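# A structural walkthrough
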Amino acid sequence: MNQPLTIKGKAWLYGYGFTSLLHLLAIAASWSVLRFVTKPMLMALLLVFYLSATQKNSSARFPVLLALIFSWLGDVFLMNEGNTYFTAGLASFLVAHIF
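Residues numbered from 1 in each chain as written. Predicted model: local features only at pLDDT ≥ 70, side-chain atom pairs only at ≥ 80, totals over all residues. Heavy atoms only, no water.

Each helix and strand counted, the chain has 4 helices and 0 strands in total. When the elements of the chain are put in sequence order from the N terminus, they spell out α-α-α-α. Counting only C-alpha atoms and orienting by the principal axes, one finds that the chain spans roughly 45 × 30 × 10 Å. Every one of the 99 residues in the chain was classed for burial, and the buried ones make up 23%. Partitioning the intrachain contacts of the chain with sequence separation of at least 6 by distance along the chain shows that 44% fall at a separation of at least 24. Counting every atom, the chain has about 7100 Å² of accessible surface; 70% of that belongs to carbon and sulfur. (Helix = DSSP H or I, 4+ residues; strand = E, 2+ residues; numbered from the N terminus. Buried < 20%, exposed > 50% of the residue type's maximum accessible area, 1.4 Å probe, protein only. Contact = heavy atoms within 4.5 Å. Areas by Shrake-Rupley, 256 points an atom, 1.4 Å probe, with all protein chains shown as cover.)

On to the packing of helix α3 (residues 61-78) against helix α4 (residues 83-98). The N-to-C vectors of α3 and α4 enclose an angle of 165 degrees; their axes lie 8 Å apart at closest approach. Considered as vectors, α3 and α4 are oriented roughly antiparallel to each other. α4 is crossed by α3, and the crossing has left-handed handedness. Note on element contacts: α4 touches α3 through Y85, F86, A88, G89, S92, F93, V95 and A96, opposite A67, F70, S71, L73, G74, D75, F77 and L78. (Axes fitted to C-alpha atoms, helices over the stretch in contact; angles between N-to-C directions. Parallel < 35°, antiparallel > 145°, perpendicular 65-115°, else oblique. Left-handed = near helix turned anticlockwise from the far one by under 90°.)

This paragraph deals with unusual backbone geometry. When glycine is set aside, most residues are seen to have a negative phi, and most peptide bonds are trans. Backbone geometry places S30, a non-glycine residue, at a positive phi of 60 degrees. Its place among the elements puts S30 in the loop between α1 (7-28) and α2 (32-53). When its relative accessible area of 58% is taken as the criterion, S30 is described as exposed.

A separate point is the side chain of T38. Considering the arrangement of structural elements, one finds T38 in helix α2. One polar contact links T38 to H23, side chain to side chain, over a distance of 2.7 Å. (Polar contact = N/O pair within 3.5 Å; in protein donor to acceptor, adjacent residues only side chain to side chain.)

Here you go:
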């Protein structure tokens, strides 16, 4: 059964929301260093929230966890310039979609 989010679960969501707003501000103000920090943090916070919100014995937990990890890798690769990073980023997102 689905249980309502506890304060602990909501704290992760608030952190995600704050980081999202900070990331959007960094984009609007062209603060590349802050953008470079907040971009991977978004997926990491989503991953931690997912782990805290799901049951440990859930059958979908491991594939979703792997999908989030590969999505995070895709974000990190695409933050860099170059054909190799671009290809690695696309491959990471492909693997994430497969999971």
